[in-house]
Amino acid sequence: EQEFTVSFGPDRLRGRYDRVDRDEAGRTVITDYKSSDVRDLATANRRAKESLQLSIYALAHEAEHGTLPDELALHFIESGIVGRAQPTEKRLAKAQDAVATVADGVRAGRFDPTPGPMKCGYCPFREICPDASR
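A brief structural summary. This structure is a prediction, so every number in the text was calculated from the model and none was measured.

### What about the nonpolar core?
Logical step 1: Among the nonpolar cores identified, the biggest contains 22 residues, and F4, Y17, L54 and Y57 are the most heavily contacted of them.
Logical step 2: Where this core is concerned, the elements lending two or more residues are β1 (2-8), α1 (41-50), α2 (52-65), β5 (71-76) and α3 (89-108).
Logical step 3: Among the elements that line this core, the one with the most residues is α2, at 6 residues.
Logical step 4: Those residues in contact with F4, other than ones at most four positions away along the chain, are L13, R14, G15, R16, Y17, Y57, A60 and E64.

### Section: the packing of α2 against α3
Logical step 1: Viewed as axis vectors pointing N to C, α2 and α3 meet at an angle of 95°, and their least axial separation amounts to 9 Å. Between α2 and α3, the angle falls in the class roughly perpendicular. Note on element contacts: α3 touches α2 through R91, L92, A95, Q96, A98 and V99, opposite L52, S55, I56, A58 and L59.
Logical step 2: By residue class, the composition of the contact of α2 with α3 is 8 nonpolar, 2 polar and 1 charged.

### A few points about the side chain of T28
Logical step 1: Assignment of secondary structure puts T28 in strand β4 (residues 28-34).
Logical step 2: Sequence-distant contacts of T28, that is, excluding residues within four places in its chain, are made with V20, D21, R22, H61, P69, D70 and E71.

### Quick word on the pattern of salt bridges
Logical step 1: Under the definition given, this model contains 12 salt bridges.
Logical step 2: R39 serves as the salt-bridge partner of D37, at 2.9 Å between the closest nitrogen and oxygen.
Logical step 3: Classification of D37 as partly exposed rests on a relative accessible area of 48%.
Logical step 4: Under the relative-accessibility criterion, R39 is labelled exposed at 56%.
Logical step 5: Beyond isolated ion pairs, a larger network of salt bridges with shared partners links D23, R27, E71 and R84.

How each quantity is defined
Per chain, the residues get numbers from 1 upward, laid out in the order the sequence is written. In view of the model being predicted, local features appear only for residues whose pLDDT reaches at least 70, and side-chain atom pairs are presented and counted only at 80 or more, with totals across whole chains, interfaces and linings using the full set of residues. To get the side-chain values, take all heavy atoms of the structure and skip hydrogens and water. To form a nonpolar core, buried Ala, Val, Leu, Ile, Met, Phe, Trp, Tyr and Cys residues must be joined to one another through side-chain atoms within 4.5 Å. We call a residue buried when its accessible area falls under 20% of the maximum for its residue type, exposed when it is over 50%, and partly exposed in between, using a 1.4 Å probe and counting protein chains only. The way it works is that DSSP assigns letters per residue, a run of H or I at least four long becomes a helix, a run of E at least two long becomes a strand, and they are numbered from the N terminus. Two residues form a contact once any of their heavy atoms are found within 4.5 Å. Only C-alpha atoms enter the line fits that serve as axes; for helices the fit covers just the stretch in contact. Angles between N-to-C directions range over 0 to 180 degrees. Angular relationships are summarised with four words: roughly parallel below 35 degrees, roughly antiparallel beyond 145, roughly perpendicular across 65 to 115, and oblique for the angles in between. Three classes are used: nonpolar for Ala, Val, Leu, Ile, Met, Phe, Trp, Tyr, Cys and Pro, charged for Asp, Glu, Lys and Arg, and polar for all others, with Gly counted as polar. One speaks of a salt bridge when a side-chain nitrogen belonging to Lys or Arg is within 4 Å of a carboxyl oxygen belonging to Asp or Glu.

Purely spatial values, then, with no claim about function.
Here it is in structure tokens:
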């Protein structure tokens, strides 16, 4: 794991990469490990392409090092399958917009609940939250 803190305009973002590697050819690969069960490569690749988390990692890497990573990967632990994606301008712009939207909401004090079985199942406040999905 490697921690990062980067700024995007007025917004500061802290996080932690699971893994950052440089291969023999000098290419940088950021990998995030997932415990969810994915059993086919097409699904793994789609999930990597759609991953907001990986796009944010790519933006953080660019902010820290001046270059985008060459590849983003989701390693699904159960199956051992690795989904791969390239950071694209479209995905990175979408991630930057998401970071700005969330930061604007935090500054404005908007903390509207967004309950759901997956979100609530991991939330430490699920037992006391009136909006928790049960």
